[in-house]
Amino acid sequence: MKQIMTRIFTILFLLMGLNSAFAQMDKYHIDGDMKDGFTDMSSAFVIVYVNGQKLKRVSADGNGTFDFDLDFGKNYELHFVKQGYATRKVDILLQNVTAEMVGIGCRPREVQVSMIQKVEGIDYSVLDKSVGQIFYDPEIECFDWDADYTLRAMEKIEQLVDELEEKKKEYAKNTAAGDKALAKGDFETAKKSYEAALAAMPKDETAINNLKKVAEHLPSFWGHLVRFGPQISPNAWLKIHRL
């Protein structure tokens, strides 16, 4: 008798699991992440727009993960935002979709966004438009990414990423040269190298701090920092100015 009851409960448990797995979708669930592989994303967030109007804001955790629900019957534009990074956008096209149209067992597509650091001197206008679209496919009664749309967007984004990588390489090369010169006491060479690093990555705090180190050894150098003045804290600027 005990074995029979155990089997009955096991079957009921499996049926409940199957019912949950194949239950009809009443809302579109957004689940995904936004990251660059290195930076803490706890200050990142997603803004949901409908017809140009802000609907809600959803915060990401430290790993950049997020999740929230969207009602059927509307088209949405998701903006992925973090300070210091270019905003990226994804369209979720649900305007002509109802819950009854979604097939049993259909699952929403995961949204994974690679964030791109923002650097002065690079044209980010390619990101003014959405980089991807999720749409309802009646043939499969489920959702999918628009592959053609995403491919066209990614070709342009790759050019932007390549340009950014070149800037990073230039920055790293000149920073290393500046560090080497500073260690040897060659402050003039260090100054030129750090200036080149800052030109590659404007407003970079490390590059600015490196120039301040050089200024401590070159009293006449404060004049060269005039163009970087707005990027340095008032106290640090006054200290350098008095040298």
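Quick note: structure is the one above.
Residues numbered from 1 in each chain as written. Predicted model: local features only at pLDDT ≥ 70, side-chain atom pairs only at ≥ 80, totals over all residues. Heavy atoms only, no water.

Would you mind going over the state of the cysteines with me for this structure?
In protein structure, a disulfide is the covalent linkage between the sulfur atoms of two cysteines. Taken as a whole, this structure holds one disulfide when the rule is applied. Each disulfide pairs two cysteine sulfurs, and for cysteine 106 the partner residue is cysteine 142, the sulfurs being separated by 2.0 Å. Since a negative S-S torsion denotes a left-handed disulfide, the cysteine 106-cysteine 142 link at about 80 degrees is right-handed. Taken together, the residues span a long stretch of sequence, with cysteine 106 in the loop between strand E7 (88-93) and strand E8 (111-114) and cysteine 142 in strand E11 (residues 142-145) at a distance of 36 residues. (Disulfide = S-S within 2.5 Å. Helix = DSSP H or I, 4+ residues; strand = E, 2+ residues; numbered from the N terminus.)

Even after reading the chapter, I still don't get the pattern of salt bridges, so can you show me in this structure?
When the charged atoms of two side chains lie near each other, side chains of opposite charge can form a pair. On inspection of all chains with the given rule, the structure shows five salt bridges. Where lysine 27 meets aspartate 71, a salt bridge forms, and the shortest distance between an N and an O atom there is 2.3 Å. Here lysine 27 is found in the loop between helix H1 (2-21) and strand E1 (28-35), whereas its partner aspartate 71 is found in the loop between strand E4 (65-70) and strand E5 (75-81), with 44 residues between them in sequence. Among the residues examined, aspartate 71 registers a relative accessible area of 35% and is labelled partly exposed. A salt bridge links glutamate 170 to lysine 173; the shortest N-O distance between them is 3.6 Å. Of this pair, glutamate 170 and lysine 173 both sit in helix H2 (residues 147-184), separated by three residues, roughly a single helical turn. (Salt bridge = Lys/Arg side-chain N within 4 Å of Asp/Glu carboxyl O. Buried < 20%, exposed > 50% of the residue type's maximum accessible area, 1.4 Å probe, protein only.)

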